[in-house]
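Residue-level listing of the chains:
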Amino acid sequence: DGTSTLSNSLNDATEEIKDNKASDKTLDMFAKPVESEETQITTVKNNGHAMAAYIMSVGLWVGCLAFCLMYPLVTYEGEFKGCFSWWASKASVLYPLAIAMSFIMYGLLHAFLGFEPENIKLTLLVGVAASLAFMSILYYFNVLMGKVGSFIMLIFMVLQLSCCAGTYPVELSGNMVKALNKFMPFTYSVNGFRSAISGGQSIVKELAVLIGIALVFSIMT
């Protein structure tokens, strides 16, 4: 009975289709049922400029991490005059170096790789803010936990590489990435660099977060 019903129904459907006269409008609808509208925020010159934001963030983090491993953050000479004086004696070396690193990085990229951001000043500004934020985080964990802190920050860097949406959009990533993305410092440095390098979007939020991170971790240290 079921087979007979199916056969009869298919025959009826075939006759109904034959009776329909498709117009050009109908055919266009079947050929392209959905029309998309694309809005382009900015234009990225090439893959190098597209990946620069991600790699620059990694470079600054590794630079800060390497220096914190070599520099004696938890030792001092002379009479102990208080926590703030001790912190300031180290910060007076670390933070100027962090600022210098961002300028050196830009200079090398420009000189050897032809790096040409849309807005040089904003690119440098994001670099300085990111470098200060990274140095503050690494300074704190090195003081708090010594070399173990550096090891934990190395693991944290690997986590940031996965969760900052530096290579793939967060919309195409897994649930863990979506949950952790907004808590990663790299997220804000990558987004800030992208906007400064290619133009198009405001970086006020990214700068505010990075500067806030630097202040909070300096106070905690």
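See the structure shown above.
Chemist: For this particular structure, what's the right way to read the overall build of the chain?
Modeler: The helix and strand tally for the chain stands at nine helices and zero strands. Listing each helix as α and each strand as β along the chain from the N terminus yields α-α-α-α-α-α-α-α-α. Rg of the C-alpha trace for the chain: 27 Å, well past the compact-globule value of 17 Å for 221 residues, more than 25% over. Its C-alpha atoms put the chain at 100 × 45 × 30 Å along the principal axes. Counting across all 221 residues of the chain, residues that qualify as buried make up 37%. Accessible surface, the chain: about 13,700 Å² in total, of which carbon and sulfur atoms supply 64%.

Chemist: Even after reading the chapter, I still don't get the nonpolar core, so can you show me in this structure?
Modeler: Generally speaking, nonpolar side chains in soluble globular proteins are found buried as a group. M56, W61, F134, M135 and F193 are the most contacted members of the largest nonpolar core, which has 47 residues in total. Contributing elements (two or more residues each) for this core: α3 (47-70), α4 (83-113), α5 (120-145), α6 (147-163), α8 (185-198) and α9 (204-220). Ranked by the residues each element gives to this core, the list is headed by α5, at twelve residues. Excluding its chain neighbours within four sequence positions, the residues that come into contact with W61 are F134, I137, L138, M153, F156, M157, Q160 and F186.

Chemist: Just checking my understanding: could you explain the packing of aromatic side chains for this structure?
Modeler: With the rule as written, the count across this model stands at eleven aromatic pairs. Put simply, the rings of W61, F134, F156 and F186 touch in pairs and so form one group of aromatic residues.

Chemist: Teacher, can you tell me more about unusual backbone geometry here?
Modeler: Excluding glycine, a negative phi dihedral is what most residues carry, and trans is how most peptide bonds are arranged. The phi dihedral of A165 falls on the positive side, at around 60 degrees, and the residue is not glycine. Relative to the elements of secondary structure, A165 occurs in the loop between α6 and α7 (175-180). Taking relative accessible area as the criterion, A165 reaches 13% and is therefore assigned buried.

Chemist: I tried to follow a negative patch on the surface on my own but got confused; where do I start?
Modeler: A contiguous patch of negative charge on the surface is contributed by D12, E15, E16 and D19. Relative to the helices and strands, D12 resides in helix α1 (residues 2-19).

Chemist: Whenever I open this one, the side chain of T123 confuses me. Can you help?
Modeler: Within the secondary structure, T123 is located in helix α5. In this structure T123 comes out as buried when scored by relative accessible area, which is 2%. Every residue in contact with T123, bar those within four places of it in the chain, is listed here: M56, F115, P117, F193, A196 and I197.

Chemist: Can you walk me through the state of the cysteines in this structure?
Modeler: Think of a disulfide as a covalent bridge from one cysteine sulfur atom to another cysteine sulfur atom. The full count for this structure, using the stated rule, is zero disulfides. Of all cysteine sulfurs, the one in C64 lies closest to C68, which takes part in no disulfide; the gap is 6.6 Å. Its sulfur unpaired, C164 is 8.1 Å from the next cysteine sulfur, which belongs to C163. For C164, a relative accessible area of 1% puts it in the buried group.

Chemist: Explanation requested: the environment of G174 in the structure shown.
Modeler: Structurally, G174 can be placed in the loop between α6 and α7. With eleven residues separating them in the primary sequence, G174 and C163 have C-alpha atoms 9.3 Å apart.

Chemist: What is the right way to look at the side chain of S218 in this model?
Modeler: With respect to the secondary-structure elements, S218 resides in helix α9. On the basis of relative accessible area, S218 is assigned to the buried category, the value being 15%. Among the polar contacts listed, one links the side chain of S218 to the side chain of Y95, at a separation of 2.8 Å. In this view, S218 contacts W87, Y95 and S136; residues no more than four positions away in its chain are not counted.

Chemist: Quick question: what am I supposed to make of α3 here?
Modeler: Three or four residues apart is the spacing at which side chains of an α-helix point the same way, because the helix has 3.6 residues per turn. With 24 residues, α3 ought to run about 34 Å at 1.5 Å a step, and its terminal C-alpha atoms sit 34 Å apart, in line with that. For α3, the principal kink sits at A53 and spans about 40 degrees. Among the residues of α3, the N-terminal cap falls to N46, whose side-chain oxygen and the backbone nitrogen of G48 are separated by 3.2 Å.

Chemist: Hey, could you run me through α1 in this one?
Modeler: Between its first and last C-alpha, α1 extends 26 Å over 18 residues, near the 26 Å set by a 1.5 Å rise per residue. Of all 18 residues making up α1, only zero are buried, and the element is barely covered by its neighbours.

Rules of the game
- Residues numbered from 1 in each chain as written.
- Predicted model: local features only at pLDDT ≥ 70, side-chain atom pairs only at ≥ 80, totals over all residues.
- Heavy atoms only, no water.
- Helix = DSSP H or I, 4+ residues; strand = E, 2+ residues; numbered from the N terminus.
- Rg over C-alpha atoms; globule rule 2.2 N^0.38 Å.
- Buried < 20%, exposed > 50% of the residue type's maximum accessible area, 1.4 Å probe, protein only.
- Areas by Shrake-Rupley, 256 points an atom, 1.4 Å probe, with all protein chains shown as cover.
- Core = buried A, V, L, I, M, F, W, Y, C linked by side-chain atoms within 4.5 Å.
- Contact = heavy atoms within 4.5 Å.
- Phe/Tyr/Trp six-rings, centres within 6.5 Å; stacked < 30°, edge-to-face > 60°.
- Patch = residues over 30% accessible without salt bridge, like charges linked within 9 Å, V, L, I, M, F, W, Y side chains within 5 Å.
- Salt bridge = Lys/Arg side-chain N within 4 Å of Asp/Glu carboxyl O.
- Lys, Arg positive; Asp, Glu negative; His and termini not counted.
- Charge placed at Lys NZ, Arg CZ, Asp CG, Glu CD.
- Disulfide = S-S within 2.5 Å.
- Polar contact = N/O pair within 3.5 Å; in protein donor to acceptor, adjacent residues only side chain to side chain.
- Expected span 1.5 Å × (residues − 1).
- Bend = angle between axes of the 7 residues up to and from the residue.

Remember that the coordinates give geometry; whether it matters functionally is a separate question.
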